[in-house]
Amino acid sequence: MRIDILTLFPEMFSSLEQAILGKAKAKGLVDIYLHNFQEMSDNKQKHADDYPYGGESAGMLLLPQPIFDTIDKIQKETPDLKKRVILLDPTAQVFNQQKAEEFVKEEQLIFICGRYEGVDERVRFLVSDEVSIGDYVLTGGELAAMVIIDAVMRLFPGVLGNERSVKCDSYSSGLLEEPQYTRPKEFRGLKVPEVLLSGDHEKIRKWRLKESLRKTCQRRPKMLEKLALTAEMKKMLAEIFHTKRI
Ligand code: ADE
């Protein structure tokens, strides 16, 4: 996959190299291209922003020209890649696991990181997707782009080195992941549930499913409404409600 990032602050992306993306890059799964669109500005002072028409408005807007020209340049370099052009915007639909699963199928992702009050409205003609990472306003789209890139890259086959962890992800399966334990069996008086030490695979499967249902009920009950519940799940949910240990 090729990732292009349009930003005024390319240096912000250096931390991404350390984490999961570093692994993906080392394995040759992804190439990242950073574009400082300010450098594409056609005015002498290399301004990337200006005041909005109409006056009396809060702040500056990113100019369309440097962004359009950068996208044109990328398009010329990569005409054949199946791509998405993603604008980071706090007013857009909130990014979720489903979007991450969609994005990982593409050959190229192009992120436009907004700054200041936003972008000139005409920039939206360039984009295929507008995405927010939550209902709060950051100083720019850079952190949001990093969040999305991380969520997408870990779905790439071979990046995590453990395909089970992706399939069992909270949100991928429609249920939150059950509680997990590692060594020791007892820590400060807190014990690992007996069943997990039993070696009985069927009992463990049932325990995991029930705890996963319990956690989803507690934390994200709306997720259950979307799930096709099996007879086994219905029985477990009835037990969970009956014992009121939600
Ligand atoms: N830019 C500023 N805030 C943002 C947010 N919450 N999501 C995406 N882009 C943003």
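This is a predicted model, so every value here is computed, not measured. (Residues numbered from 1 in each chain as written. Predicted model: local features only at pLDDT ≥ 70, side-chain atom pairs only at ≥ 80, totals over all residues. Heavy atoms only, no water.)

Trainee: Hey, could you run me through unusual backbone geometry in this one?
Mentor: What is expected of a backbone is that most residues other than glycine have negative phi and most peptide bonds are trans. With an omega dihedral of 0 degrees, the bond running from Arg183 to Pro184 counts as a cis peptide bond. Assignment of secondary structure puts Pro184 in the loop between helix 5 (163-167) and strand 9 (186-187). In this structure, Lys46 is a non-glycine residue whose phi angle is positive, near 55 degrees. Inspection of the secondary structure puts Lys46 in the loop between strand 2 (31-36) and strand 3 (49-50). The class for Lys46 is partly exposed, based on a relative accessible area of 36%. For Arg188, which is not glycine, the phi dihedral falls at a positive 50 degrees. In this structure, Arg188 sits in the loop between strand 9 and strand 10 (190-191). (Helix = DSSP H or I, 4+ residues; strand = E, 2+ residues; numbered from the N terminus. Buried < 20%, exposed > 50% of the residue type's maximum accessible area, 1.4 Å probe, protein only.)

Trainee: What is the right way to read the domain arrangement of the chain from this model?
Mentor: Quoted interface sizes are often the accessible area lost when the parts come together. Annotation of the chain at the domain level lists domain 1 (2-153) and domain 2 (170-245). Once you take the C-alpha centre of each, domain 1 and domain 2 turn out to be 39 Å apart. (Domains from an automatic or database assignment.)

Trainee: What should I look at first to understand helix 2 (residues 64-77) in this one?
Mentor: The periodicity of an α-helix, 3.6 residues per turn, causes residues three or four places apart in sequence to face the same way. The first and last C-alpha atoms of helix 2 sit 20 Å apart over 14 residues, in line with the 20 Å expected at 1.5 Å per residue. Three or more residues of helix 2 are buried, namely Pro64, Gln65, Pro66, Ile67, Thr70, Ile71 and Ile74. Those residues of helix 2 that are buried are in contact with strand 1 (2-7), strand 2, strand 4 (61-62), strand 5 (83-94), strand 6 (108-113) and strand 7 (118-119). (Expected span 1.5 Å × (residues − 1). Contact = heavy atoms within 4.5 Å.)

Trainee: Help me out: how do you make sense of a nonpolar patch on the surface in this one?
Mentor: Residues Tyr136, Leu138 and Leu143 make up a contiguous nonpolar surface patch of about 270 Å² in total accessible area. In this structure, Leu143 sits in helix 4 (residues 142-153). (Patch = residues over 30% accessible without salt bridge, like charges linked within 9 Å, V, L, I, M, F, W, Y side chains within 5 Å. Areas by Shrake-Rupley, 256 points an atom, 1.4 Å probe, with all protein chains shown as cover. Salt bridge = Lys/Arg side-chain N within 4 Å of Asp/Glu carboxyl O.)

Trainee: How do you make sense of the site of the ligand when you look at a structure like this?
Mentor: Residues in contact with the ligand amount to 13 residues; listed here are only the nearest, Asp89, Ile133, Gly134, Tyr136 and Leu138. In this structure, a nitrogen atom belonging to the ligand sits 3.4 Å away from a main-chain N or O atom of Asp89. Here Ile133 contributes a backbone N or O atom positioned 3.0 Å from a nitrogen atom of the ligand. For the ligand, whose free accessible area comes to 260 Å², the fraction covered by protein is 97%. Those elements giving two or more residues to the shell around the ligand turn out to be strand 5 and strand 8 (129-132). Among the elements that take part in the shell around the ligand, strand 5 stands out by supplying three residues, more than any other. Residues of the shell around the ligand, tallied by class, amount to eight nonpolar, four polar and one charged. (Near = heavy atom within 4 Å. Polar contact = N/O pair within 3.5 Å; in protein donor to acceptor, adjacent residues only side chain to side chain. Nonpolar A, V, L, I, M, F, W, Y, C, P; charged D, E, K, R; others polar.)

Trainee: Quick question: what am I supposed to make of the environment of Phe125 here?
Mentor: Within the secondary structure layout, Phe125 lies in the loop between strand 7 and strand 8. Look at Phe125 and you get exposed, because its relative accessible area is 71%. Placed 57 residues apart in sequence, Phe125 and Phe68 show a C-alpha to C-alpha distance of 9.5 Å.

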